[in-house]
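So the chains spell out like this:
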Amino acid sequence: MDALKPTSADSLAAAPAAAPAYDSDRVHVVCAEPSIANHFLAELRDVTVQQDSLRFRRNLQRLGEIMAYRISSQLSYTDKTVKTPLGESSSKHLHDFPVLATVLRAGLPFHQGFLNYFDQSPSAFAAAYRIEGTAQVQVQVDYLSAPSLDERVLILVDPMLASGKSLVQTYRAMLRFGTPRQVHIAAVIASPQGVEYVTREVPEANLWVAAIDDHLNDQAYIVPGLGDAGDLSYGSKL
Ligand SMILES: O=c1cc[nH]c(=O)[nH]1
């Protein structure tokens, strides 16, 4: 966990002097407005609350549920009439359930939150790891499983958008399963660099984040962030 401590060389990528201007039609910052999402995010960040890994995973799920609801306003609906015990009601039904993609292992609780709402969605999974010993962050995607993405809505979810390399590599690797008609990328905490990289490299995507933090440290962790989302969910690894 030493990698998480602030260092004097928190210089991998210094924070921009002023807040960058994001295209608010494409970048949605859910915790910019006060809501219960802010409370869940505060618990995720809090080192004391983090000791309860059940609550940590559940808070990631809850933010996934909130983001699923927000993204649902951009999906297509079909008018249908449903029979109630007392009559008929004209209602809107989700036209087709989005494909929910995530990156093992840290993405799993956040993905479960999306699946709780998009309960008929198929899922796609990727495993990606960082290649050690390189000056630049380099990522290898080495496991993929997905349904056809042709003409589907794809929502790619990963709780921490740090450099953005693993998300972009995963997205590109997924495209071998087809060309989605609409793409959303969702993260809990993003770095300014990650937002810049993803919006530049995947211009077709809408980006949804709970918060955009200050900067990346020299280990490519988000500061202040929350630490290592995978370890906090599932225990530290060797
Ligand atoms: O801060 C970060 C960055 C990447 N992954 C994490 O779990 N935390």
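Residues numbered from 1 in each chain as written. Predicted model: local features only at pLDDT ≥ 70, side-chain atom pairs only at ≥ 80, totals over all residues. Heavy atoms only, no water.

### A short note on the site of the ligand
Near the ligand you find Met-160, Ala-162, Ala-220, Tyr-221, Ile-222, Gly-227, Asp-228 and Ala-229, and these make up its full shell. For the ligand, an oxygen atom lies 2.8 Å from a polar atom in the backbone of Ile-222. Here Gly-227 contributes a backbone N or O atom positioned 2.7 Å from a nitrogen atom of the ligand. Expressed as a share of its isolated accessible area of 240 Å², the protein-covered part of the ligand is 85%. (Near = heavy atom within 4 Å. Polar contact = N/O pair within 3.5 Å; in protein donor to acceptor, adjacent residues only side chain to side chain. Areas by Shrake-Rupley, 256 points an atom, 1.4 Å probe, with all protein chains shown as cover.)

### As for the pattern of salt bridges
Applying the stated criterion across every chain, the model contains 11 salt bridges. The salt bridge involving Asp-79 is made with Lys-92; its shortest N-O contact spans 2.6 Å. Separated by 13 residues along the polypeptide, Asp-79 in strand E2 (residues 77-84) and Lys-92 in strand E3 (residues 87-94) bring together distant segments of the chain. Two residues, Arg-200 and Glu-196, come together in a salt bridge whose shortest N-O distance is 3.0 Å. Pair noted here: Arg-200 and Glu-196 are both in helix H5 (residues 192-201), with a separation of four residues, about one helical turn. On the basis of relative accessibility, which here comes to 46%, the residue Arg-200 falls in the partly exposed class. On the basis of relative accessibility, which here comes to 41%, the residue Glu-196 falls in the partly exposed class. (Salt bridge = Lys/Arg side-chain N within 4 Å of Asp/Glu carboxyl O. Helix = DSSP H or I, 4+ residues; strand = E, 2+ residues; numbered from the N terminus. Buried < 20%, exposed > 50% of the residue type's maximum accessible area, 1.4 Å probe, protein only.)

### Some details on the environment of Phe-114
Mapped onto the fold, Phe-114 is located in helix H3 (residues 108-117). Along the chain, Phe-114 and Thr-179 lie 65 residues apart, while their C-alpha atoms are 21 Å from each other. Once residues lying within four places of it in the same chain are set aside, the contact partners of Phe-114 are Gly-64, Glu-65, Met-67, Ala-68, Ile-71, Leu-100, Ile-155, Val-157 and Ala-186. (Contact = heavy atoms within 4.5 Å.)

### Quick notes on the UniProt feature "domain: Phosphoribosyltransferase" (unreviewed entry) in the chain
Sites flagged by UniProt as "domain: Phosphoribosyltransferase" (unreviewed entry) map to residues 36-235. This span, residues 36-235, is 33% helix and 34% strand, and a straight line between its end C-alpha atoms measures 27 Å. (UniProt positions renumbered as here; feature names shortened; annotations may be inferred.)

### Some words on unusual backbone geometry
Of note, the amide linkage connecting Leu-104 to Arg-105 takes the cis form, showing an omega dihedral of -5°. Tracing the backbone shows Arg-105 in the loop between strand E4 (99-104) and H3. Along the chain, Val-223 connects to Pro-224 via a cis peptide bond; the corresponding omega equals 0°. Mapping Pro-224 onto the fold places it in the loop between strand E12 (222-223) and helix H6 (229-234). The backbone phi angle of Glu-151 is positive, close to 65°, even though this residue is not glycine. Positionally, Glu-151 belongs in the loop between strand E6 (138-145) and strand E7 (153-157).

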